[in-house]
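This is what each chain is made of:
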Amino acid sequence: MDNKQFIIYLLILSGSTYLIRALPFALVKKKIKNRFIQSVLYYIPYAVLTAMTIPDIFTATGSIYSAIAGFFTAIVLALLGRGLTTVAILSCIVVYLTELLIRII
């Protein structure tokens, strides 16, 4: 990819990102009072983060088995109410130990 093509891609990306963030502020003047719309807007960041993260979980490790072990560890810990840091660290440890176990077997 040459510099000209990169700059074009960068401008398109920054323009679309800016529009997505700026349009709601420009179009909505009053405070949103509808409870349904408020709840939808509240959960959008979580839904987007989940949609971006879940597919990468299964391709980020050396084995699908270690990815599944880490994924289920994260789900169980999250359901038990553990914090984000605890969930991330323990899931990484489980993935690491599963990878070691796979190499031994």
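Heads up: the structure comes first, above all this text.
Predicted, not measured: the structure shown is a model, and the values here were computed from it. (Residues numbered from 1 in each chain as written. Predicted model: local features only at pLDDT ≥ 70, side-chain atom pairs only at ≥ 80, totals over all residues. Heavy atoms only, no water.)

S.K.: Looking at this structure, how should I read the packing of aromatic side chains?
M.R.: For any pair of aromatic rings, the description rests on two quantities: the centre-to-centre distance and the angle between the ring planes. Enumeration according to the criterion identifies 5 aromatic pairs in this entry. Ring geometry for Y43 versus Y46: centroids 6.4 Å apart, planes at 55°, classification tilted. With Y43 and Y46 both in helix 2 (residues 35-57), this residue pair falls 3 residues apart, about one helical turn. Aromatic ring contacts, followed pair by pair, group Y42, Y43 and Y46 into a single cluster. (Phe/Tyr/Trp six-rings, centres within 6.5 Å; stacked < 30°, edge-to-face > 60°. Helix = DSSP H or I, 4+ residues; strand = E, 2+ residues; numbered from the N terminus.)

S.K.: Got a minute to help me understand the side chain of S91 in this structure?
M.R.: Relative to the elements of secondary structure, S91 occurs in helix 4 (residues 84-104). A distance of 3.4 Å separates a polar atom in the side chain of S91 from the backbone nitrogen of A74. Among all residues touching S91, those that are not within four sequence positions of it are G70, T73 and A74. (Polar contact = N/O pair within 3.5 Å; in protein donor to acceptor, adjacent residues only side chain to side chain. Contact = heavy atoms within 4.5 Å.)

S.K.: Honestly, the environment of L90 in this entry has me stumped. Any pointers?
M.R.: By secondary structure assignment, the location of L90 is in helix 4. Residue classification places L90 among the partly exposed residues on the basis of a relative accessible area of 36%. Each C-alpha atom, one on L90 and one on G70, is 8.2 Å from the other, the two residues being 20 residues apart in sequence. Beyond its immediate chain neighbours, meaning those up to four positions away, L90 contacts T73 and L77. (Buried < 20%, exposed > 50% of the residue type's maximum accessible area, 1.4 Å probe, protein only.)

S.K.: Which parts of the structure should I look at to understand helix 1 (residues 3-27)?
M.R.: With 25 residues, helix 1 extends 35 Å between its outermost C-alpha atoms, agreeing within 8% with the 36 Å of an ideal straight helix rising 1.5 Å per residue. Approximately 30° is the largest bend angle found in helix 1, and it occurs at R21, with the proline P24 only one to four residues beyond. (Expected span 1.5 Å × (residues − 1). Bend = angle between axes of the 7 residues up to and from the residue.)

S.K.: In this structure, what is going on with helix 3 (residues 64-79)? I would like to understand it.
M.R.: Each α-helix turn comprises 3.6 residues. Residues three or four places apart therefore point the same way. With 16 residues, helix 3 ought to run about 22 Å at 1.5 Å a step, and its terminal C-alpha atoms sit 22 Å apart, in line with that. All of the buried residues in helix 3 are S66, A67, G70, F71, T73 and L77. Here the buried residues of helix 3 occupy an arc of 160° about the axis, which is enough to place them on one side. Turned more than 90 degrees from where helix 3 packs its buried face, Y65 and L79 sit exposed. Lining the buried residues of helix 3 we find helix 2 and helix 4. You can read the cap of helix 3 off the contacts: a side-chain oxygen lies 3.1 Å from the backbone nitrogen of Y65, and it is on S63. Looking one or two residues beyond helix 3, the residue adopting positive phi is G81, at roughly 85°. (Arc of directions from axis to C-beta.)

So far we have only geometry, and geometry alone does not tell us how the molecule works.
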